[in-house]
Amino acid sequence: LCVATQRSVTQALASHPDVHSIDFTGSNVFGNWLIDNCRQAQVYAELAGVNNIVIDSTDAYKAMLGNLAFTLSLYSGQMCTTTQAIFVPAGGIETEDGHKSYDDVCADLAKAVERFLSKPEVAFAVLGAIQSADTTERIEIANSGALGKVVLASQKLDNPDFPGATVRTPVLLACDAADEAAYMEERFGPISFIIKVADTAAAIALSERATRLHGALTAGLYSTRQDVIDAMTEATWRSKVALSI
């Protein structure tokens, strides 16, 4: 079936008067459609939103990059917990290898993703396949540079075991905190933004606001400073999102 037909069939089934309970995990767009249009049913919806990470400092820089590379690649960013917004201070971060500028973090994360996916057996096991044509379209828009500076373009991969599968690597975009139209909404798929913010305090404030406005299942923090950990913890208490430190 074509995508439009699949969507039509799904909507017709979900809104049928004999359906009284709907359990949904996935994008905000379809989850909100279910909530608004399936009033005959009790809708249980676990929605994604703008999952985000604040990078303040780290004492394990390469490990941090490796962890982020895995997070952004897993199931080609189609997990409801995939990180979309990565907030990095304009002045850079402190690491065990010395100071890293904002541009360093962007370039090094791009290299980490490329390195992680360089072996086909790893790439095909981790990435999976793109589920929807809508997601493919979003990837192409991001690749075009319409949403920010392309730090790492998404690549098409051919899986010999599944020749019909659409396999795409993550696309990383760099933008400023002021570019909210780009990153302050859910863009489901392997699309992530490295956002330049004034400082760590501004990053924490943006993380909280993104979660309050658009929802999130996960938030993360990399920091070696207890005062920053305390501030992020309190922000995620207020915005009611699970925090990984």
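The structure this text deals with has already been given above.
Residues numbered from 1 in each chain as written. Predicted model: local features only at pLDDT ≥ 70, side-chain atom pairs only at ≥ 80, totals over all residues. Heavy atoms only, no water.

Description of the nonpolar core
Filter applied, for reference: To qualify as a nonpolar core, a set must consist of buried Ala, Val, Leu, Ile, Met, Phe, Trp, Tyr and Cys residues joined through side-chain atoms within 4.5 Å. Think of it in three bands: with a 1.4 Å probe and only protein chains considered, a residue is buried below 20% of the maximum accessible area for its type, exposed above 50%, and partly exposed in between. Each helix corresponds to a stretch of at least 4 residues labelled H or I by DSSP, and each strand to a stretch of at least 2 residues labelled E; elements are numbered beginning at the N terminus. Contacts: residue pairs with any heavy atoms within 4.5 Å of one another.
Val54, Phe87, Leu173, Tyr183, Ile191, Phe193 and Ile195 are the most contacted members of the largest nonpolar core, which has 30 residues in total. Looking at this core, the elements that each hand over two or more residues are β4 (85-89), α6 (133-143), β10 (171-176), α7 (180-183), β11 (191-197), α8 (200-214), β12 (218-222) and α9 (226-239). If we skip the residues at most four places from it in the chain, tyrosine 183 touches Val50, Gln84, Phe87, Cys175, Asp176, Ala177, Phe193, Ile195 and Leu206. Of all hydrophobic cores here, the second largest spans 27 residues; its members include Tyr61, Ile93, Val167 and Tyr222.

As for the packing of aromatic side chains
Heads up, the rule is: Working definition: rings of Phe, Tyr and Trp (its six-membered ring) pair if their centres are within 6.5 Å, and the pair is stacked with planes under 30 degrees apart, edge-to-face with planes over 60 apart, and tilted otherwise.
According to the stated counting rule, one finds four aromatic pairs in the structure shown. A ring pair is formed by phenylalanine 87 and tyrosine 183, whose centres lie 6.2 Å apart and whose planes are at 80°; its orientation type is edge-to-face. Note that phenylalanine 87 is positioned in strand β4 and tyrosine 183 in helix α7, a separation of 96 residues in sequence. Taken individually, phenylalanine 87 and tyrosine 183 each receive the classification buried, so the pair is uniform in this respect. Connected via pairs of aromatic rings, a cluster forms that spans Phe24, Phe30 and Trp33.

Some details on the pattern of salt bridges
For clarity, the threshold we go by: Only one rule defines a salt bridge in this text: a Lys or Arg side-chain nitrogen within 4 Å of an Asp or Glu carboxyl oxygen.
Tallied over the full model, the rule gives six salt bridges. Among the ionic pairs, arginine 187 bridges to glutamate 185, the shortest N-O distance being 3.7 Å. Under the relative-accessibility criterion, arginine 187 is labelled buried at 15%. Arginine 238 is paired through a salt bridge with glutamate 208; the nearest N and O atoms lie 2.9 Å apart. On the criterion of sequence distance, the pair formed by arginine 238 in helix α9 and glutamate 208 in helix α8 is long-range, its members being 30 residues apart. Note on arginine 238: relative accessible area 41%, which makes it partly exposed. When salt bridges that share partners are traced, they join Glu208, Arg212 and Arg238 into one network.

Remarks on the sheet that holds strand β13 (residues 242-244)
Through backbone hydrogen bonds, the strands of a sheet pair up, either in parallel or in antiparallel fashion. Operational definition: Pairs of strands are assigned from DSSP output, requiring at least two bridges between the strands. Note on definitions: angles span 0 to 180 degrees between N-to-C directions of axes, and those axes are lines fitted to C-alpha atoms, for helices only across the stretch in contact.
Pairing within the open sheet is mixed, and its seven strands lie in the order β7-β10-β11-β4-β3-β12-β13. Of all strands in the sheet, those with a lone pairing partner are β7 (149-152) and β13, marking the two edges. Looking at each pair of strands side by side, their axes are set apart by 25° on average, direction ignored. As judged from the four bridges shared by strand β3 (residues 52-55) and β12, these two strands associate in the parallel manner. In the strand pairing of β12, valine 54 is matched with leucine 221.

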